[in-house]
Amino acid sequence: MSGSRFRVTEEKPISIGRAAEVDICVSDVNVSKHHCSISFEPPHCILTSSSRNGTLVNDQQINNGESVKLGIDDEIIISEGTRLKIVQADSDYEKYEEDTVDDSFFDGI
């Protein structure tokens, strides 16, 4: 997943966890089956934690059921080995997309 980019749109939030049916599957026993989701509600991405262990955003604990607005360069820590960073869509990446929308991306770092 290192270096991967994932698009978050209003129509399709991204789910993250250990379960096979999530959008981003993380093979780590410290990650909940349905750990968190990221949705796009213009002009922000919103992270909602569904993990009993919580999720860290910029070293701030987000508990189960809580949501937080995300901004460019925010770091999301799913587990010790899984970190994501919110980045702005760039024109080089957009060249490979059929339909360009004003939305946000996040990187697996």
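Residues numbered from 1 in each chain as written. Predicted model: local features only at pLDDT ≥ 70, side-chain atom pairs only at ≥ 80, totals over all residues. Heavy atoms only, no water.

A.B. asks: How should unusual backbone geometry be read in this particular structure?
C.D. replies: With glycine set apart, most residues show a phi of negative sign, and most peptide bonds adopt trans. With an omega dihedral of 5°, the bond running from Pro42 to Pro43 counts as a cis peptide bond. Considering the arrangement of structural elements, one finds Pro43 in the loop between β4 (36–41) and β5 (44–49). Backbone geometry places Asp59, a non-glycine residue, at a positive phi of 65°. Structurally, Asp59 is set in the loop between β6 (55–57) and β7 (60–62). (Helix = DSSP H or I, 4+ residues; strand = E, 2+ residues; numbered from the N terminus.)

A.B. asks: Where do I start with the nonpolar core in this structure?
C.D. replies: One recurring pattern in soluble globular proteins is that nonpolar side chains are buried together. Core analysis: the biggest nonpolar cluster contains 20 residues, and Ile16, Ile38, Leu47, Val57, Leu70, Ile76 and Ile78 have the highest contact counts within it. Every element with two or more residues in this core is listed here: β1 (5–8), β2 (14–17), β4, β5, β8 (67–70), β9 (75–79) and β10 (82–88). No other element matches β4, which puts 3 residues into this core. Discounting residues that sit within four places of it in the chain, Ile76 has contacts with Ile38, Leu47, Thr55, Leu56, Val57, Leu70, Thr82, Arg83, Leu84 and Ile86. (Core = buried A, V, L, I, M, F, W, Y, C linked by side-chain atoms within 4.5 Å. Buried < 20%, exposed > 50% of the residue type's maximum accessible area, 1.4 Å probe, protein only. Contact = heavy atoms within 4.5 Å.)

A.B. asks: Mind showing me how you'd approach the pattern of salt bridges here?
C.D. replies: Throughout the structure, instances matching the rule amount to 3 salt bridges. Among the salt bridges present, the one from Lys85 reaches Asp73, with a minimum N-O distance of 3.8 Å. Here Lys85 is found in strand β10, whereas its partner Asp73 is found in the loop between β8 and β9, with 12 residues between them in sequence. Of the residues examined, Lys85 reaches a relative accessible area of 30% and is grouped as partly exposed. (Salt bridge = Lys/Arg side-chain N within 4 Å of Asp/Glu carboxyl O.)

A.B. asks: Any chance you could explain the sheet that holds strand β3 (residues 24–25) here in plain terms?
C.D. replies: Neighbouring strands of a sheet are bound in pairs by backbone hydrogen bonds; such pairs are parallel or else antiparallel. With respect to topology, 5 strands assemble into an open sheet ordered β3-β2-β4-β5-β8, the strand pairing being mixed. Sheet topology places β3 and β8 at the edges, where each strand pairs with a single neighbour. (Pairing = 2+ DSSP bridges.)

A.B. asks: Before we go on, may I ask you to explain the pairing of β2 in this structure?
C.D. replies: Two faces, one strand: in a regular strand the side chains alternate between the faces of the sheet. Pairing of β2 with β4 involves 3 bridges; the strand directions are antiparallel. Along β4, the bridge assignment pairs Ser15 with Ser37.

Any functional reading would require information that these geometric values do not contain.
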